[in-house]
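Commentary on secondary and tertiary structure
Given next are the chains, with one letter for each unit.
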Amino acid sequence: MEGDLTNEEWSIIGNLLPLERGHWSRPAQDNRLFLNGMLYVLRVGSSWRDMHERYGKWNSVYVRFRRWAEQGVWDALLETLVELGLTDDWQHMIDSTVVRAHS
């Protein structure tokens, strides 16, 4: 799908993500699929429940997103990408509660 990680991007990022174990003898699903689902929600600004079904169950993707946030995976990933010179260390955010718009 448009916007999913390319093979080149995945070859860099994939090894930086924690290995997932499945529950109750089920293997964990592919981190790449989950990460693409997370990026889809963040890119299009949809709710987790409206995530495209090709990425799997929205709740599973959301739970992994939250778990990685609590474990500091996102901070470590950004730090590593900055050290490798693949991104800058700026964080850009827009909060619509403070953006003024005029008709």
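For clarity, every value in this text was computed on a predicted model and none was experimentally measured.

**Quick notes on the overall build of the protein chain**
Broken down by element type, the protein chain carries four helices and zero strands. Counting from the amino terminus, the protein chain carries its helices and strands in the arrangement α-α-α-α. A total of 103 residues make up the protein chain; the buried ones form 24% of that total. Pairs at least 24 residues apart make up 49% of the contacts formed inside the protein chain by residues separated by at least 6 positions. When the accessible surface of the protein chain is totalled, it reaches about 8200 Å², and 51% of it is carbon and sulfur.

**Re the confidence of the model for the protein chain**
Residues shown with low pLDDT carry predicted positions that ought not to be read at fine detail. Of all residues in the protein chain, 77% attain a pLDDT of 70 or more, and the chain-wide mean is 83. Averaged pLDDT values for the elements of the protein chain fall to 88 in helix H4 (residues 73-83) and rise to 93 in helix H3 (residues 58-71).

**Looking at the pattern of salt bridges**
Counted under the stated rule, the structure contains two salt bridges. One salt bridge connects Asp4 with Arg54, and the closest N-O pair in it is separated by 2.5 Å. Within this pair, whereas Asp4 is found in the segment before helix H1 (7-13), its partner Arg54 is found in the loop between helix H2 (31-44) and H3, the two being separated by 50 residues in sequence. You can call Arg54 partly exposed: its relative accessible area is 39%. The residue Arg66 makes a salt bridge to Glu70 at a minimum N-O spacing of 3.4 Å. Placement of the pair is Arg66 and Glu70 together in helix H3, with a separation of four residues, close to one helical turn.

**A short note on the nonpolar core**
Ile13, Leu17, Leu35, Met38, Trp48, Met51 and Val61 are the most contacted members of the largest nonpolar core, which totals 18 residues. When residues of this core are traced back to their parent elements, those giving at least two are H1, H2, H3 and H4. Ranked by residues supplied to this core, first place goes to H2 with five residues. Not counting the four nearest positions on each side in its chain, Leu35 is found in contact with Leu5, Trp10, Ile13, Leu17 and Trp74.

**Considering the packing of aromatic side chains**
The full count for this structure, using the stated rule, is five aromatic pairs. Ring geometry for Tyr40 and Tyr55: centres 5.6 Å apart, planes at 40 degrees, overall tilted. Taken together, the residues Tyr40 in helix H2 and Tyr55 in the loop between H2 and H3 connect sequence positions 15 residues apart. Here the aromatic residues Trp48, Tyr62, Phe65, Trp68 and Trp74 are joined through ring pairs into a cluster of three or more. Directly above the ring of Phe34 sits Arg64, whose terminal nitrogen or CZ lies 3.6 Å from the centroid.

Analysis parameters
- Residues numbered from 1 in each chain as written.
- Predicted model: local features only at pLDDT ≥ 70, side-chain atom pairs only at ≥ 80, totals over all residues.
- Heavy atoms only, no water.
- Helix = DSSP H or I, 4+ residues; strand = E, 2+ residues; numbered from the N terminus.
- Buried < 20%, exposed > 50% of the residue type's maximum accessible area, 1.4 Å probe, protein only.
- Contact = heavy atoms within 4.5 Å.
- Areas by Shrake-Rupley, 256 points an atom, 1.4 Å probe, with all protein chains shown as cover.
- pLDDT = per-residue confidence, 0-100.
- Salt bridge = Lys/Arg side-chain N within 4 Å of Asp/Glu carboxyl O.
- Core = buried A, V, L, I, M, F, W, Y, C linked by side-chain atoms within 4.5 Å.
- Phe/Tyr/Trp six-rings, centres within 6.5 Å; stacked < 30°, edge-to-face > 60°.
- Lys NZ or Arg CZ within 6 Å of the ring centre and 35° of its normal.

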